[in-house]
Amino acid sequence: MSSSALSPGAWLRGSRRPTWLSDPKVLRTEVLAGLVVALALIPEAISFSVIAGVDPAIGLFASFTMAVTIAIVGGRPAMISAATGAVALVIAPLNSEHGFGYLVAAVILAGVFQIVLGALGVAKLMRFVPRSVMVGFVNSLAILIFMAQVPEMTDVPWPVYPLIAAGLALMVFFPKVTKVIPAPLVSIVILTVITVAAGIAVPTVGDKGELPSSLPVPGLPDVPFTLDTLTTVAPYALAMALVGLMESLMTAKLVDDITDTHSSKTRESVGQGIANIVTGFLGGMGGCAMIGQTMINVRVSGARTRLSTFLAGAFLMVLCVVFGPVVSDIPMAVLVAVMVMVSVGTFDWHSIAPKTLKRMPAGEITVMLITVVCVLATHNLAIGVVVGSITAMVVFAKRVAHLAEVTAVTDPDGTSVIYRVTGELFFASSNDLVGRFDYAGDPGKVVIDLSAAHIWDASSVAALDAIETKYAQRGKTVRITGLNEPSARIHDTLSGELTGHH
């Protein structure tokens, strides 16, 4: 559902009756998906709390408030937002140097930045992210999700391994029996019952940290409201805002592709900001879209509406506050199996198939690999996407630069020569243009035919000026013909204005 044409009131309410109200099947899918995601969120939120250096309850509160708020104000239905590792990494230094109050202030300010960036149309920049970067982003995420599970599989009691294997087997084969109940939920319930009943000693969710026993309480961040505080917090808040928006918008684009539906990226940007402000005032650590949990929700569980996102947050708090002791007994091995399945499902295996690699241009493969390497080296998806996009632009510019061709035809009477230029003229291709003319050997009249070319920038106009100047120095005249309307406009505006001597 796109929100671009909605009135301000309908923007929040949604423009039509939700499908889950009229279709029991959709309702069941959404409820069960929300429950599975809530269970998968618990260990992740606790882990990210550890990264940020805060109490586990802070990460769980953030996941609850982010999911519930974004379900109402977000632009991409069924996408899960919660406390994330990317955001935790950005704000961890602020927390360790200045304390928790400053972290909360940064979360609120990051939300304000996201609303401003969203209103300014930052989401439109997503069109400049090429497909090869998108594939690299998805593949590096899949690898990061898997790598995050490795610590849970090392230096652990041996029963962990059979439990992981059993979890994977259940998730592979159970859907062949029925898809009414999500396989990850079945896997979590069955294996938790077995380990508790048999008294198998393996690491559990409870070992990650104590679950909260009450709901978060609203309050202002415990910081002095001074300019000094603002200058301390602002750089972290801006970094968090950018990382959060990039991860959220990339994930939204991915869900759009999976579900064959469109979503408003501007509304999603503003929604992320609102969710972070709400989370900050409720003492959470902030967050953004979560690719792993979103894949569980959309691809594994088949959820498609806002209800699953809302219930993921609501169930998370109910599970922690009401069923804390039961949730604490869930073996980490089962959740590891769920996340391993997610990483396998997220990875774009087609992109590394020998058949695909043979057909793919070398530049595209290079961009994908650079994106993956940058993400894995920095553990920062935003850096990978930016570096990958810049690399793609360089590759594109280099490729297009070679498309400008110059062919010369001299008149039989030898009094004039016509140079026919074809291709795109911009800073990369126009640099070579000046050297493609025979200034000394050409006759007195030179025609440059640009009917099969297009002028894109000032560099091209400067190159044409330089060509005219070189001929003029030898007493020869140049006539430029065939300019299309946009090319003529830029040439007429800039010609003769780009150097100090006219």
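Criteria and cut-off values
By convention here, each chain's residues receive numbers from 1 onward along its written sequence. It should be noted that, the model being predicted, local features are given only for residues of pLDDT at least 70 and side-chain atom pairs only at 80 or more, the latter also being counted only at that level, while totals for whole chains, interfaces and linings use all residues. Note that the side-chain values use all heavy atoms of the structure and ignore hydrogens as well as water. Note on definitions: salt bridges are taken to be side-chain nitrogens of Lys or Arg within 4 Å of carboxyl oxygens of Asp or Glu. Only DSSP runs of H or I reaching four residues or more are called helices, and only runs of E reaching two or more are called strands; each is numbered from the N terminus. Buried residues are those whose accessible area, probed at 1.4 Å on protein chains only, stays under 20% of the maximum for their type, while exposed residues exceed 50% and partly exposed ones sit between those limits. Strands are treated as partners if at least two bridges between them are detected by DSSP. Looking down the strands as they point away from the viewer, one classifies a crossover as right-handed if the path from the first strand across the helix to the second runs clockwise. We call two residues contacting when some pair of their heavy atoms lies within 4.5 Å. Counted charges follow a simple rule, with Lys and Arg positive, Asp and Glu negative, and His plus the chain ends left uncounted. Nine residue types can take part in a nonpolar core, namely buried Ala, Val, Leu, Ile, Met, Phe, Trp, Tyr and Cys, and a core is a set of them joined through side-chain atoms within 4.5 Å. Axis lines are fitted to C-alpha atoms, over the contacting stretch for helices. Their N-to-C directions set the angle, which ranges from 0 to 180 degrees. By definition in this entry, angles of less than 35 degrees are roughly parallel, angles greater than 145 are roughly antiparallel, angles of 65 to 115 are roughly perpendicular, and the rest are oblique. Crossing handedness: left-handed means the near helix sits turned counterclockwise from the far one by under a right angle, and right-handed means the same turn made clockwise. Each residue carries a pLDDT value, the predictor's own confidence for that position, ranging from 0 to 100. Both cavities and pockets are sets of points on a 1 Å grid over the protein atoms alone; in a cavity a 1.4 Å probe fits but cannot get out, in a pocket the set is open with protein on both sides within 12 Å along at least five of seven lines, and lining residues sit with an atom within 4 Å of a point. Grid points are joined across faces, edges and corners, and a volume is the space filled by probe spheres set on the points. Gly is put with the polar residues, along with every residue not named as nonpolar or charged; the nonpolar set is Ala, Val, Leu, Ile, Met, Phe, Trp, Tyr, Cys and Pro, and the charged set is Asp, Glu, Lys and Arg.

For the coordinates displayed, the defined rule picks out six salt bridges. Here K208 makes a salt bridge to E152, at a shortest N to O gap of 2.5 Å. In this pair, K208 is assigned in the loop between α9 (183-198) and α10 (227-259) and E152 in the loop between α7 (131-149) and α8 (160-177), connecting sequence segments 56 residues apart. When its relative accessible area of 26% is taken as the criterion, K208 is described as partly exposed. Looking at E152, the relative accessible area reads 17%, which means it is buried. If you follow the salt bridges from partner to partner, you end up with R76, D256 and K265 in one network.

In this section: the pairing of strand β4 (residues 416-425). Pairing of strand β3 (residues 405-410) with β4 involves six bridges; the strand directions are antiparallel. Residue pairing for β4: A408 is matched across the bridge by Y419. Between the antiparallel neighbours β3 and β4 lie five residues, among them G414 with a positive phi of about 75 degrees. In terms of strand pairing, β4 meets strand β5 (residues 445-455) through nine bridges, oriented parallel. Within β5, the position partnered with E424 by the bridge is H454. Taken together, β4, helix α19 (residues 427-433) and β5 constitute a β-α-β crossover, and its handedness is right-handed.

Structurally, A314 can be placed in helix α13 (residues 306-321). In the structure, A314 is positioned 214 residues away from F100 in sequence and 25 Å away in space, judged by C-alpha atoms. Setting aside its immediate chain neighbours within four residues, A314 contacts F64 and V68.

Locating E268 in the fold gives a position in helix α11 (residues 265-281). Of the buried charged residues, E268 lacks a salt bridge, with R306 as the closest side chain of opposite charge at 6.4 Å. When near neighbours in sequence (up to four residues on either side) are disregarded, E268 contacts I70, G74, G75, R76 and M79.

Now for the nonpolar core. Ranked by size, the top nonpolar core spans 98 residues in total, and within it I42, L60, I91, V205, M285, I296 and L316 carry the most contacts. Ranked by residue count, the leading element in this core is helix α3 (residues 24-52), at 12 residues. One finds V406, A453, I455 and A463 within the second-largest nonpolar core, a separate group that totals 21 residues.

Moving on: the packing of α10 against helix α12 (residues 291-300). Running from amino to carboxyl end, α10 crosses α12 at an angle of 15 degrees, the nearest separation of the two axes being 11 Å. Judged by the inter-axis angle, α10 sits roughly parallel to α12. The crossing of α10 and α12 is right-handed. Contact with α10, carried on its side by T251, L254, V255, I258 and T259, involves I291, T294, M295, V298 and R299 of α12 and no other residues of that element.

To continue, consider the confidence of the model for the chain. Mean pLDDT for the chain: 89, with 96% of residues reaching 70 or above. For residues 1-15, every residue scores under 50 in pLDDT, and the model assigns this stretch 21 contacts once sequence neighbours within four places are set aside.

Considered as a void within the structure, the largest pocket measures approximately 780 Å³ in volume. Considering the residues around the largest pocket, the lining is formed by 31 residues, among which E44, F48, G85, L144 and A148 are closest to the centre. For the lining of the largest pocket, the elements supplying multiple residues, two or more each, are α3, α5 (85-98), α7, α12 and α15 (332-346). With seven residues, the top contributor of residues to the lining of the largest pocket is α3. Among the residues forming the lining of the largest pocket, the class breakdown is 20 nonpolar, seven polar and four charged.

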